[in-house]
Amino acid sequence: MSSQAESPPPVAGTFPQPEEDIAVRAKALEALLVEKGLVSTDAIDQLVSAYENDIGPMLGAKVVARAWADPAFKELLLTDSNAACRQLGIGGMQGEHMRVLENTPQVHHVVVCTLCSCYPWPVLGLPPNWYKYPAYRSKMTREPRRALREDFGLELDDSVEVKVWDSSAEIRYWVLPQRPAGTEGMSEQELAGLVTREAMIGVAEVEAPSGRS
Amino acid sequence: MRRRAAEPEPGCRWAAEGVGPVDGVHDLGGVQGLGAVEREENEPVFHSDWERRVFGMMLATLGQGSYNLDEFRHAIERMNPVDYLSSRYYEHWLHSMQANLIAHGVISAEEVAEKAAQVRRDPGAAVPTRADPELASTLLGLARQGASTAMETDASPRFAAGDKVRTRNIHPPGHTRLPRYVRGRAGVVDHVYPSFVFPDTNAHRRGEHPQHVYSVRFPASELWGEDAEPGEEIYVDLWESYLEPA
C-alpha cells in the first residue's frame, strides 16, 4: 500500500464536524418531528432494533448454506433470488429485486455502488462503512484485482476472470461464494457459521474451518 | 454554487433545492487518490446513538412519503463536495433528510435552528417520547415487505440481450444514475430487466416515467484503455434512455 501512502485517508479520523454537534442537530430534528407528530419514537426504536438485531449478514449466510447443501435451492437462488430467499422468510426493503452471482474457480464476482451505497439489506443488513466511503467506491471498478489484493488481502490467480457489478439501478447484487473444501460433513448451520459478509460482497473467499481443509 | 440563504446549523451546507451540480463529487467510479479502504474489526451496525436516530427518522419520513428515495439521493449529491468527502455516512442522511423536509415545507430552516439552539441550552433534556404503534407497525411492515419501484410501461424493451449499445454522452442537469465513467462507452446488453421508475425525473418530481433497465457489460479496456487490468468486465445497470444502438 506504499503507492497510496501519499493520499491521506479521506474518512476515519478526519471528520471536521464534531460528533457532539451532529448529535445536537439529530436530536433537534427528532424533537421537531416528534412535536409535529411526523415520527414516533417507538417507530424509530423498532426500526433501529430490527436492523441492529434481526436483519444482518447471518440471513445471507443462511441462504448461502442452504444453496451449498441443496442443488435445487441453489438453482432457484441463481435464477430467481427473491423466490429462493422468500422460502426462508427473507426479503424486504432494498432487496425487492435481488440477483445472486455465483463465484467459481474461473469467475470472481464483486459488488460495488459507485454512486451511493446500494446494498442488499434483507440478506446483508446495513452496509459497513468501508462499503459506503469513497475509497472502495472509487477503485473497485477501475482496479479490482489490485484493490482485492492490497485492501482485502485476496490474491486472485491471473486466470480468474473478475466481474464487477456496479449497483447503479434497482437490482441488488450479492455473491454466492465458493464452498470451501473439507466441509462435506457439515450441517447447514455449521456451514452458515463460515460465511462472512465480505464473502457475500465478493471481497473475500469463505475459509475452510480450522483443522480441516 | 447556489446556497441556501440560511444555514440552519454550522456545517450544514447544501446547494439550493432543485437542480444540483451536473457532475457531482458523489460519482466516484474510477477516481484515484482516495486512499486505502479502511476496515473496522467487528464493526457495529451503528457507531453512536445519533446514527440510530437519523437512520430511524429517515425510514420513517421516507416511508410516509415526505420525499422519495431519488430526491433523498439527489440532496446528498447537492452537498458541498468538501463536506461530502469529509463527513460521516449518516451525516449525509441527516443533511438530505433535513434538506428535503425543508424544501417540501414540512419543517422550516428557522424551526430547525431554533430547536437546535434550545437543545444546546439544555443538553440534558430528553427528546419527548411519542408512541404510535400503528405507525411503527406500518414502517416495520415496509422494511419487511419492501417497496419496489418496478412499474409497468406500454413500451416494449428497445434492446435485447446480446445487443451492442453505446451509452449517451450526456450531462443532464440534476440527478442521474448514468455514472460518468461509462458515458459514451460501448458495451453489450447482458440482461434485460423490468421497467422501473426513472430517477432522473422522479428526483425532481417531474414524474415516474418508467423505462426498461439493462445490465450492460463493458470490457475494462473500453473504460480504462491500456491501463485496464486484464480479464475484467464491469456490469452497470442502465435505464433505456441512457443507451443508443452501437
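What you see is a predicted model; the values in this text were computed from it and never measured.

In this section: the overall build of chain B. Secondary structure summary: chain B contains eight helices and five strands in total. For chain B, the N- to C-terminal ordering of α and β elements is α-α-α-α-α-α-β-β-α-β-α-β-β. Taken over 246 residues, chain B has a buried fraction of 44%. Taking the intrachain contacts of chain B between residues at least 6 apart in sequence as the baseline, contacts between residues at least 24 apart amount to 69%.

Another point: the interface of chain B and chain A. Taken together, the contacts link 86 residues of chain B with 78 residues of chain A. Looking at the side of chain B that touches chain A, the elements that each hand over two or more residues are helix H1 (49–63), helix H4 (89–103), helix H5 (109–121), helix H6 (133–145), strand E2 (186–196) and strand E4 (232–239) of chain B. For the side of chain B that touches chain A, the leading source of residues is H1 of chain B, giving ten residues. By residue class, the composition of the side of chain B that touches chain A is 45 nonpolar, 19 polar and 22 charged.

This part covers the sheet that holds strand E3 (residues 161–166) of chain A. Taken in spatial order, the seven strands make up an open sheet running E2(A)-E3(A)-E4(B)-E3(B)-E2(B)-E1(B)-E5(B), and their pairing is mixed. Looking along the sheet, the strands with just one partner apiece sit at the ends: strand E2 (107–112) of chain A together with strand E5 (243–245) of chain B. This sheet shows a mean twist of 35 degrees between the axes of neighbouring strands, independent of strand direction. Two elements, strand E1 (residues 164–167) of chain B and E5 of chain B, share three bridges in a ladder whose sense is antiparallel. Residue Val165 of chain B lies in a different strand from E5 of chain B, and its bridge partner there is Pro245 of chain B.

The subject of this paragraph is the environment of Tyr181 of chain B. Topologically, Tyr181 of chain B is positioned in the loop between E1 and E2. Tyr181 of chain B gets classed as buried once you count the C-beta atoms within 10 Å, which come to 21. Taking the C-alpha atoms as reference points, Tyr181 of chain B and Leu223 of chain B, 42 residues apart in sequence, are found 6.9 Å from one another. When near neighbours in sequence (up to four residues on either side) are disregarded, Tyr181 of chain B contacts Thr141 of chain A together with Gly29, Gly30 and Leu223 of chain B.

Moving on, we come to the packing of helix H2 (residues 41–54) of chain A against H6 of chain B. Between H2 of chain A and H6 of chain B, whose axes approach to 8 Å, the crossing angle comes to 30 degrees. The angle between H2 of chain A and H6 of chain B places the two elements in the roughly parallel class. Every pair of crossing elements has a handedness; the one defined by H2 of chain A and H6 of chain B is right-handed. Where H2 of chain A approaches H6 of chain B, its residues Asp42, Ala43, Gln46, Leu47 and Ala50 of chain A are matched on the opposing element by Pro133, Leu135, Ala136, Leu139, Leu140 and Ala143 of chain B. For the contact of H2 of chain A with H6 of chain B, the per-class residue count stands at nine nonpolar, one polar and one charged.

The next thing to look at is the pairing of E2 of chain A. All names here are of chain A. Summarising burial for E2: five of the six residues are buried, a large majority. Where E2 lies against E3, six bridges are found, and the strand directions are parallel. In the strand pairing of E3, Val112 is matched with Asp166.

Let us look at the pairing of strand E4 (residues 172–176) of chain A. All names here are of chain A. Among the five residues of E4, five are classified as buried, and the element is accordingly described as predominantly covered. Relative to E4, strand E1 (residues 98–102) is paired through five bridges, and the arrangement is parallel. Pairing of Arg99 across the sheet is with Tyr173, part of E4.

This part is about the domain arrangement of chain A. Domain parsing of chain A yields domain 1 (22–53) and domain 2 (55–201). Put simply, the middle of domain 1 of chain A and the middle of domain 2 of chain A, counted by C-alpha atoms, are 31 Å apart.

Conventions we followed
- Residues numbered from 1 in each chain as written.
- Chains lettered and ligands numbered in written order.
- Predicted model: local features only at pLDDT ≥ 70, side-chain atom pairs only at ≥ 80, totals over all residues.
- Helix = DSSP H or I, 4+ residues; strand = E, 2+ residues; numbered from the N terminus.
- Buried ≥ 20, exposed ≤ 12 C-beta atoms within 10 Å, placed from the backbone.
- Contact = placed C-beta atoms within 7 Å.
- Nonpolar A, V, L, I, M, F, W, Y, C, P; charged D, E, K, R; others polar.
- Pairing = 2+ DSSP bridges.
- Axes fitted to C-alpha atoms, helices over the stretch in contact; angles between N-to-C directions.
- Parallel < 35°, antiparallel > 145°, perpendicular 65-115°, else oblique.
- Left-handed = near helix turned anticlockwise from the far one by under 90°.
- Domains from an automatic or database assignment.

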